[in-house]
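# A look at the structure
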Amino acid sequence: MFFARALRTTTRPLLSRATLAPTNLHARWITDQAREAISSAVKAHPVVLFMKGNPSEPRCGFSRAVSQVLAAYEVPPEKFKSYDVLQDQELRQSIKEYSDWPTIPQLYVKGEFVGGCDIVMDMHKSGQLETLLEDSGIIPKIELPEEKS
């Protein structure tokens, strides 16, 4: 109700769009209960993926890409949990506000937000994702045999 009143036309002269500076104000709708539930979820498993669908049946190309990258690293099932945001509208909106990231999928490692599809793919290509997963104890480090001279 407050927002509706605040948006009503006032008796002041209207300003043109050109005279108004753009703002980055966004309404925050995440409830304390949702924030607590998400916080608990991202800390309950070493790797948490909020995606559309599930790893065996992704419902979005971006979600498919991230789940395939994680599968390529053979993240153990006991260290991985995915949540289908299409099953819960509140989760779908709340996760975006929780991370302050506008898109799905979202990957968390050891309770920390890593990024969405583009960031995960860039990290995969550069080797940073593998290093993160190894350093976090999620996957074993691969020891390469030493070269003989």
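This structure is a prediction, so every number in the text was calculated from the model and none was measured. Here the residue index of a chain counts from 1 through its sequence in written order. Only residues with pLDDT of at least 70 are given local features in this predicted model, and only at 80 or more are side-chain atom pairs given and counted; all residues enter the totals for whole chains, interfaces and linings. The side-chain numbers reported here are obtained from all heavy atoms of the structure, hydrogens and water having been left aside.

## What about the sheet that holds strand S5 (residues 106-109)?
With mixed pairing, the four strands of this open sheet are ordered in space as S4-S1-S5-S6. The two strands at the open ends of the sheet, each matched to only one other strand, are strand S4 (80-84) and strand S6 (112-115). When strand polarity is set aside, the average angle formed by the axes of neighbouring strands in this sheet is 25°. Where strand S1 (residues 47-51) meets S4, five bridges bridge the pair, whose relative direction is parallel. By the convention used here, strands pair only if DSSP detects at least 2 bridges between them. A helix here means a DSSP run of H or I that spans at least four residues, while a strand means a run of E at least two residues long, and both kinds are numbered starting from the N terminus. To obtain each axis, a line is fitted to C-alpha atoms, and for helices this fit is confined to the stretch in contact; angles are then taken between N-to-C directions over 0 to 180 degrees.

## Quick word on the packing of aromatic side chains
Note on aromatic contacts: the rings of Phe and Tyr and the six-membered ring of Trp form a pair at centre separations within 6.5 Å, being stacked when their planes are under 30 degrees apart, edge-to-face when over 60 apart, and tilted otherwise. By the definition in use, this model includes five aromatic pairs. Ring centres of tyrosine 98 and tyrosine 108 lie 6.3 Å apart, and the angle between their planes is 50°; on these two criteria the pair is classed as tilted. Taken as a pair, tyrosine 98 in helix H4 (residues 89-99) and tyrosine 108 in strand S5 lie far apart in primary sequence, ten residues in all. A relative accessible area of 22% places tyrosine 98 in the partly exposed class. Ring centres 5.3 Å apart and planes at 55° place the aromatic pair tyrosine 108 and phenylalanine 113 in the tilted group. For tyrosine 108, a relative accessible area of 1% translates into the label buried. These aromatic residues form a ring-pair network of at least three members: Phe50, Tyr83, Tyr98, Trp101, Tyr108 and Phe113. The lysine or arginine in question, lysine 81, covers the ring of tyrosine 83, its NZ or CZ lying 5.3 Å from the ring centre. For the exposure calls, accessible area comes from a 1.4 Å probe over protein chains only, and a residue counts as buried if that area is under 20% of its type's maximum, exposed if over 50%, partly exposed in between. Comment: the charge-over-ring label is applied if NZ (Lys) or CZ (Arg) is within 6 Å of the ring centre and within 35 degrees of the ring normal.

## Some remarks on the pairing of S5
Because side chains alternate across S5, one face comprises the buried residues Gln106 and Tyr108, and the other comprises Leu107 and Val109, equally buried. For S1 and S5, the ladder comprises four bridges, and the chain directions are antiparallel. Each residue of the ladder has a partner; that of valine 47, found in S5, is valine 109. The sheet contact formed by S5 and S6 spans three bridges and is antiparallel.

## Considering the confidence of the model for the chain
Atomic detail in the predicted coordinates should be set aside for any region of low pLDDT. Considering every residue of the chain, the mean pLDDT works out to 84; 80% of them sit at 70 or more. A score from 0 to 100, pLDDT tells how confident the predictor is in each residue. Working rule for contacts: check all heavy atoms of both residues, and any pair within 4.5 Å makes them a contact. Considering only residues more than four positions removed or in separate chains, one finds that residues 1-23, a stretch of pLDDT under 50, has three contacts.

## Some words on the environment of glutamine 106
With respect to the helices and strands, glutamine 106 occurs in strand S5. We classify glutamine 106 as buried; its relative accessible area is 0%. Through-space distance from the C-alpha of glutamine 106 to that of serine 63 is 8.6 Å; in sequence the pair is 43 residues apart. Dropping the residues within four chain positions of it, glutamine 106 is found in contact with Val48, Leu49, Phe50, Ile95, Lys96, Ser99, Trp101, Phe113 and Gly115.

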